[in-house]
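The lines below spell out each chain.
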Amino acid sequence: MSSFKRDKKEEEDGGGNPFQNIEKTTVLQEARLFNENIINAKKCTHILTKILYLLNQGEQLGATEATEVFFAMTKLFQSKDVILRRMVYLGIKELSSIADDVIIVTSSLTKDMTGKEDLYRAAAIRALCSITDATMLQAIERYMKQAIVDKNPAVSSAALVSSLHMTKMASDVIKRWVNEAQEAVNSENIMVQFHALGVLYHIRKSDRLAVTKLVARLTRMSLKSPYAVCMLVRIAAKLLEEEETGNDSPLFEFIESCLRHKSEMVIYEAAHAIVNLRRTTSRELAPAISVLQLFCGSPKPTLRFAAVRTLNQVAINHPTAVTACNLDLENLITDSNRSIATLAITTLLKTGAESSVDRLMKQIATFVSEISDEFKVVVVQAIRALALKFPRKHSVLMNFLSAMLRDEGGLEYKASIADTIITIIEDNAEAKETGLAHLCEFIEDCEHTSLAVRILHLLGKEGPRTKQPSRYIRFIYNRVILENPTVRAAAVSAMAQFGALCPDLLENIQVLLARCQMDSDDEVRDRAAYYSNILKQQDKTLYNNYILDPLQISIPSLERCLREYILTNTEEPFDIKSVPLAALPTEEEKQINNQKSDGMLITTGPVKPIPVSREENYSEKLSTIPALQQLGPLFKSSDIVELTESETEYVVCCIKHCYTRHLVLQFDCVNTLNDQLLENVRVQLDPSEGYKIVNEIPCPKLPYNEMGTAYVVLQFPEDLPNTVGTFGAVLKFVVKDCDPNTGLPDTDEGYDDEYMLEDLEVVLGDQIQRVNKVNWGAAWEEAGNNFVEMEDTYSLSSMGTLEEAVKNIIQFLGLQPAERTDKVPEGKTTHTLLLAGLFRGGFEILVRSKLALADGITMQLTVRSTDTDVAELITSAVG
Amino acid sequence: MGLFQKLAFFLGIRRKEVNVLVIGLNNSGKSTIINHFKDEEEKVAEIVPTVGFNVEKFQNQNLSFTAFDMSGHGRYRDLWEHYYKDCHGIIFVIDSSDRLRLVVVKDELDLLLQHPDICNRKIPILFFGNKMDCKDALSSVKIAAGLGLDKIMDKPWHISASNALTGDGLQEGVEWLTQQIRETIVTRN
């Protein structure tokens with residue numbers, strides 16, 4: 001006690017952290033004390049604390065160091081001191097992943113976990129499971145099973161949580177413990193019940209039927225632990241999402257009944273689940289919202305925070321439902337907790353009317369400097385939503401954003417502001433000039449390289465098309481003088497864009513680029529020399545291909561192709577056409593991305609790997625099949641086409657892979673009958689005229705519930721018009737009856753059988769890769785000289801609106817819309833859609849489609865292509 | 001520290017604590033031997049193969065033993081050496097009915113004797129020729145000859161035939177070890 005008092009006094013004296021100045025080497029020296037014959041428990045505990053402190057501060061131990069400490073530590077097992085022993089368990093857990101031969105303590109830990117001392121048992125189980133690998137698990141399985149059903153709740157919980165951790169490495173062993181976990185669910189202890197449910201769910205989560213049964217049984221049982229009920233609500237909500245039935249199922253009833261649970265935690269969880277279900281109607285939503293409303297007035301800040309945070313999320317999908325809470329939210333604006341206030345305001349911004357925007361913005365401005373970055377991001381996202389909703393308010397919002405840009409803040413925060421400004425610029429032409437001006441000002445003093453590079457790129461893209469391009473040059477050139485090499489290089493590229501697009505500035509740009517050629521950095525000099533030379537040629541074609549349009553190919557593929565090229569050691573020069581084009585994100589993917597950012601306070605997971613194009617993925621898979629290797633590079637892979645209903649005996653999907661002269665059809669088959677083993681599975685095609693089947697690769701074996709793949713290789717017809725057609729398809733295979741449990745066939749003899757599939761259509765879009773033309777107009781003009789042009793007029797009687805027509809044309813032709821012409825301005829009766837793409841074999845296609853609305857839609861389609869047949873094909877395909 | 005312990009400490013009659021290492025091939029009976037020395041209430045009815053090691057404590061003639069009962073399984077034998085440094089005595093258990101693996105025992109013993117932490121110390125080694133009740137068990141003399149124990153000059157050693165299940169021969173061996181350790185401690189002091 002006396003020592004405790006002294007410690008406290010020292011702390012007050014400003015001694016601070018007693019572990020502040022410890023060093024790894026000294027502590028490791030001290031750890032030799034563990035080897036003494038007679039153990040001084042107090043000293044050893046202190047040393048162990050230091051080791052744990054170091055490890056938790058991120059200090060790295062080498063394998064030898066760790067092993068040495070670990071073995072010294074194992075000698076402490078002879079001590080009877082409870083505190084020291086428990087420290088040893090912690091030490092084992094920390095070092096288990098670094099040190100070698102950690103299994104040495106298995107027996108000692110097993111002894112402790114089954115021993116009489118309760119204080120050791122739980123900790124010993126956790127330590128034991130951290131040192132055990134899949135092969136050793138068998139040896140301790142018996143003890144683990146006993147521990148799960150132990151009377152002592154701490155022991156039981158420890159065993160359950162450890163099993164949960166071990167499902168990652170040995171799920172099949174843990175599955176055998178299901179009976180014990182089942183028994184633990186009935187425990188009186190709230191934690192044990194919760195942990196047991198977690199284990200049970202993890203064991204069964206891959207089996208939907210089992211989960212449904214589990215939930216059905218437990219909802220009737222009325223669990224004692226609120227934590228377990230919360231988890232059950234989550235599982236039920238997940239099941240509901242997966243089920244296609246409506247919300248009148250017993251699961252929904254259960255969730256709704258939880259709104260009347262006595263624990264606040266459960267009530268919140270249920271409300272949260274209901275409002276986040278995708279298909280809730282406003283009537284079902286009402287009780288949940290009213291519960292949240294009630295929480296908004298709670299004296300507990302956590303409840304208020306949870307409620308307002310959930311309301312904030314829901315505000316996007318169900319603004320009307322949240323409007324009912326507006327009064328309560330207004331009260332929360334002045335809440336002493338800034339996080340609650342921020343969320344309240346941003347929620348109101350999402351639901352509020354245009355008139356209240358000014359007032360709310362003023363309110364935020366009063367405390368925006370006091371809140372943390374995360375919440376500032378929430379505010380910025382709310383502003384983005386607002387700007388899209390009320391375009392007329394852009395000046396207020398833009399001013400506010402630029403003020404925020406000037407404040408202190410982290411990269412994520414600044415990036416989200418820049419993002420928002422960029423979205424506003426793209427969406428609203430009026431706001432473009434002011435937005436660019438704000439961004440220019442921002443990069444004058446921007447510490448984040450990645451952000452500066454992005455903004456420079458945007459300036460290069462948008463700047464030349466403004467009324468007064470010259471004013472941006474100064475900002476960009478300032479970067480060349482003041483910034484690091486990465487930013488300087490980006491600035492050089494941006495300047496080149498101006499040079500290419502604004503002939504009157506070309507001379508000045510050349511002077512600036514000449515100066516950049518004396519830069520100290522290689523990349524900057526290279527870029528400057530490259531652009532300067534191209535600009536000197538004064539050739540529009542060169543401008544288009546090498547300055548304005550970025551490289552369209554997928555970078556990972558390029559890397560792979562170059563690597564292969566170097567390995568083959570041929571004399572031929574490298575052909576860039578052999579590299580697949582980069583896949584452009586489709587509208588849907590973009591929307592998903594947007595939706596993600598619309599939610600709030602999303603924990604950002606690990607950084608996503610660079611998205612690899614679908615072609616790249618397939619290409620790798622296909623190149624492993626010898627028969628497909630000589631077909632050349634993969635040009636395009638289509639989306640997955642389902643050839644059966646999703647719940648039939650055999651499920652077959654098709655992916656069409658287009659090569660220069662060949663079409664490869666990949667049939668992914670799944671056998672859903674557990675008493676059948678299929679062999680020699682192939683798809684018999686009835687191709688349309690002109691197609692020739694070159695090769696068939698059947699799937700040798702298709703056991704229950706596994707995916708097998710069969711391929712058919714076809715040669716494209718010589719006549720291009722024939723390439724579009726419909727193929728009949730039949731799945732053929734040999735059936736062998738088998739035992740559902742083992743999957744082994746009963747007899748060696750099977751019988752032939754077949755299964756009708758839906759017809760497969762090969763359309764124009766399968767042979768065309770989308771290409772993003774940044775400067776479509778220039779490419780079009782240039783194509784006027786040397787491309788073939790075809791023109792035709794059609795009447796599209798089946799379509800009622802311009803949007804619908806635009807959408808259908810894009811989908812049908814499989815071309816990439818350029819210059820944002822895929823968005824039809826409201827209230828117009830005519831529209832011009834500009835498209836670009838690449839036909840297999842490397843033929844460029846540019847399409848201009850003029851649409852007019854008058855009793856149905858009239859379309860004038862102009863196609864320019866490097867190849868006559870391709871152009872003809874496109875015009876004829878539309879008709 | 002209690003008053004009595006303090007007193008005992010000053011008077012020098014406090015029990016001495018020593019570490020001994022129990023090694024030998026797997027299934028030779030190490031854990032069973034240690035189990036025999038434990039107090040009646042701590043004894044385990046069923047002995048399972050040790051994984052890694054176990055720490056056990058027992059007393060003999062006022063000397064308090066801390067025994068590191070090592071696993072004899074092939075993959076753990078490399079780990080014995082981590083515990084060589086600070087032990088006062090070694091108990092080496094041999095399955096006298098396992099003629100076939102006597103060569104393996106010899107290999108392990110040679111490795112032990114050549115280890116830098118062992119070779120320069122005058123550390124007592126007690127050999128138990130365990131399972132002497134088995135029909136085809138080798139006698140302790142034969143084992144000693146087979147292992148070449150007579151070549152060990154710089155360390156006191158002793159071999160006794162034992163039966164860990166009944167306890168025959170165990171007491172005699174440990175008494176020898178106690179004597180030896182007591183002597184080394186006395187001379188060191």
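Since this is a predicted model, take the numbers as computed values, not measurements.

Student: Describe the overall build of chain B, with residues and values.
Tutor: Helix and strand counts for chain B stand at six helices and six strands. Listing every helix and strand of chain B by position from the N terminus yields α-β-α-β-β-β-α-α-β-α-β-α. Split into buried and exposed, the 189 residues of chain B put 51% on the buried side. Intrachain contacts of chain B at a sequence separation of at least 6 include 75% that bridge at least 24 residues. Surface summary for chain B: the accessible area is close to 9,600 Å², and the carbon and sulfur share equals 54%.

Student: Give a description of the overall build of chain A that names residues and reports values.
Tutor: Each helix and strand in chain A was counted, giving 37 helices and 17 strands. Counting the 879 residues in chain A, one finds 50% classified as buried. Within chain A, residue pairs in contact and separated by at least 24 positions form 64% of the contacts whose partners lie at least 6 positions apart. Accessible surface, chain A: about 43,900 Å² in total, of which carbon and sulfur atoms supply 51%.

Student: Tell me what's going on with the sheet that holds strand 1 (residues 16-24) of chain B, and back it up with residues and numbers.
Tutor: Residue and element names in this part refer to chain B. Here six strands make up an open sheet; going across it, the order is 2-3-1-4-5-6 and the pairing mixed. Where the open sheet ends on each side, the last strands, each with one partner, are strand 2 (53-60) and strand 6 (157-161). Averaged over all pairs of adjacent strands, the angle between strand axes in this sheet comes to 25°, irrespective of strand direction. Its contacts with the sheet place helix 5 (residues 140-147) against strand 4 (89-95), strand 5 (125-130) and strand 6, and it is angled at close to 140° to strand 6.

Student: So what about the interface of chain B and chain A? Which residues, and what values?
Tutor: Chain B puts 23 residues into the contact, and the matching count from chain A is 22 residues. Carbon and sulfur atoms supply 53% of the area buried between chain B and chain A, which totals about 2,000 Å² over both sides. The interface formed by chain B and chain A includes two salt bridges. Our enumeration of links across chain B and chain A arrives at nine residue pairs in polar contact (both at pLDDT 80 or more). Counting residues per element, the side of chain B that touches chain A draws most heavily on strand 2 of chain B, at five residues. Tallied by class, the residues present in the side of chain B that touches chain A amount to ten nonpolar, seven polar and six charged.

Student: Mind laying out helix 14 (residues 250-258) of chain A, listing which residues take part and the relevant values?
Tutor: Residue and element names in this part refer to chain A. Among all positions of helix 14, only Leu251, Phe252, Phe254, Ile255 and Cys258 are buried. An end-on view of helix 14 places all buried positions within 155° of arc, on one side of the element. The exposed set on the far side of helix 14, more than 90 degrees from its buried face, consists of Pro250 and Glu253. Tucked inside the fold, the buried residues of helix 14 contact helix 12 (208-221), helix 13 (226-242), helix 15 (264-276) and helix 16 (282-296).

Student: With reference to specific residues and values, describe the UniProt feature "binding site: Mg(2+)" (unreviewed entry) in chain B.
Tutor: Residue and element names in this part refer to chain B. Residues annotated by UniProt as "binding site: Mg(2+)" (unreviewed entry) correspond here to Ser31 and Thr50. A maximum C-alpha distance of 7.6 Å among these annotated residues, which run over 20 residues, shows that they cluster at one spot. Looking at the secondary structure, you find Ser31 in helix 2 (residues 30-37). Take Ser31: its relative accessible area is 16%, and that puts it in the buried class.

Student: Describe the nonpolar core, naming the residues involved and giving the relevant values.
Tutor: With 239 residues, the main nonpolar core has Phe34, Phe70, Ile92, Leu109, Ile255 and Met404 of chain A as its most contacted residues. Counting 32 residues, the second largest nonpolar core, distinct from the first, contains Cys654, Leu678, Leu702 and Phe727 of chain A.

Student: Give a detailed account of the packing of helix 30 (residues 522-537) of chain A against helix 31 (residues 540-548) of chain A, specifying residues and quantitative values.
Tutor: Any two packed helices are characterised by how steeply their axes cross, that is the angle between the axes, and by the distance between the axes. Residues and elements named next belong to chain A. It is the contact of helix 30 with helix 31, at a shortest axis distance of 9 Å, that shows an interaxial angle of 160°. Here helix 31 runs roughly antiparallel to helix 30, going by the angle between their axes. Between helix 30 and helix 31 the crossing geometry is left-handed. Residues Tyr530, Tyr531, Ile534, Leu535 and Gln537 of helix 30 touch helix 31, and the partners they reach there are Leu542, Tyr543, Tyr546 and Ile547. Residue classes in the contact of helix 30 with helix 31 are distributed as eight nonpolar, one polar and no charged.

Student: Report on the pattern of salt bridges, specifying residues and quantitative values.
Tutor: Residues and elements named next belong to chain A. Counted according to the given criterion, the structure contains 34 salt bridges over all chains. Between Glu30 and Lys50 there is a salt bridge; the shortest N-O distance is 3.2 Å. Remark: Lys50 occurs in helix 3 (residues 41-56) and Glu30 occurs in helix 2 (residues 24-30); sequence separation between them is 20 residues. In this structure Glu30 comes out as partly exposed when scored by relative accessible area, which is 31%. Lys50 sits in the buried class, given a relative accessible area of 12%. Here Arg85 makes a salt bridge to Asp112, at a shortest N to O gap of 2.9 Å.

About the cut-offs
For every chain, the first residue of the written sequence is number 1, and numbering continues from 1 along that sequence. For naming, the first written chain is A and the first written ligand is 1, with later ones following in the order written. It should be noted that, the model being predicted, local features are given only for residues of pLDDT at least 70 and side-chain atom pairs only at 80 or more, the latter also being counted only at that level, while totals for whole chains, interfaces and linings use all residues. Only heavy atoms go into the side-chain values, all of them from the structure, while hydrogens and water stay out. Each helix corresponds to a stretch of at least 4 residues labelled H or I by DSSP, and each strand to a stretch of at least 2 residues labelled E; elements are numbered beginning at the N terminus. Exposure categories follow from relative accessible area, calculated using a 1.4 Å probe and restricted to protein chains: below 20% of the type maximum is buried, above 50% is exposed, and the middle band is partly exposed. For this analysis, residues touch if any pair of their heavy atoms sits within 4.5 Å. To measure how exposed things are, a 1.4 Å probe is used in the Shrake-Rupley method; for residues, cover is taken only from the protein chains shown. Paired strands are those between which DSSP finds at least two bridges. Here, axes are lines fitted to C-alpha atoms. For helices the fit covers the stretch in contact, and angles between N-to-C directions go from 0 to 180 degrees. The term buried area refers to how much accessible surface (probe radius 1.4 Å) is lost by two components on association, counted for both of them together. A pair is scored as a salt bridge if a Lys or Arg side-chain nitrogen falls within 4 Å of a carboxyl oxygen belonging to Asp or Glu. Definition of a polar contact: a pair of N or O atoms within 3.5 Å, with one able to donate and the other able to accept a hydrogen when the atoms are protein atoms, and with sequence-neighbouring residues admitted only if both atoms are side-chain atoms. Polarity classes work like this: nonpolar for Ala, Val, Leu, Ile, Met, Phe, Trp, Tyr, Cys and Pro, charged for Asp, Glu, Lys and Arg, and polar for all others, with Gly in that last group. The directions from the helix axis to the C-beta atoms form the arc being described. UniProt positions are given in the numbering used here, feature names are shortened, and annotations may be inferred rather than shown by experiment. Remark: nonpolar core denotes a set of buried residues (Ala, Val, Leu, Ile, Met, Phe, Trp, Tyr, Cys) joined through side-chain atoms within 4.5 Å. Should an angle fall under 35 degrees it is taken as roughly parallel, and over 145 as roughly antiparallel, whereas 65 to 115 is taken as roughly perpendicular and any remaining angle as oblique. Each crossing is labelled by how the near helix is turned from the far one, with a counterclockwise turn of less than a right angle marking it left-handed and a clockwise turn marking it right-handed.

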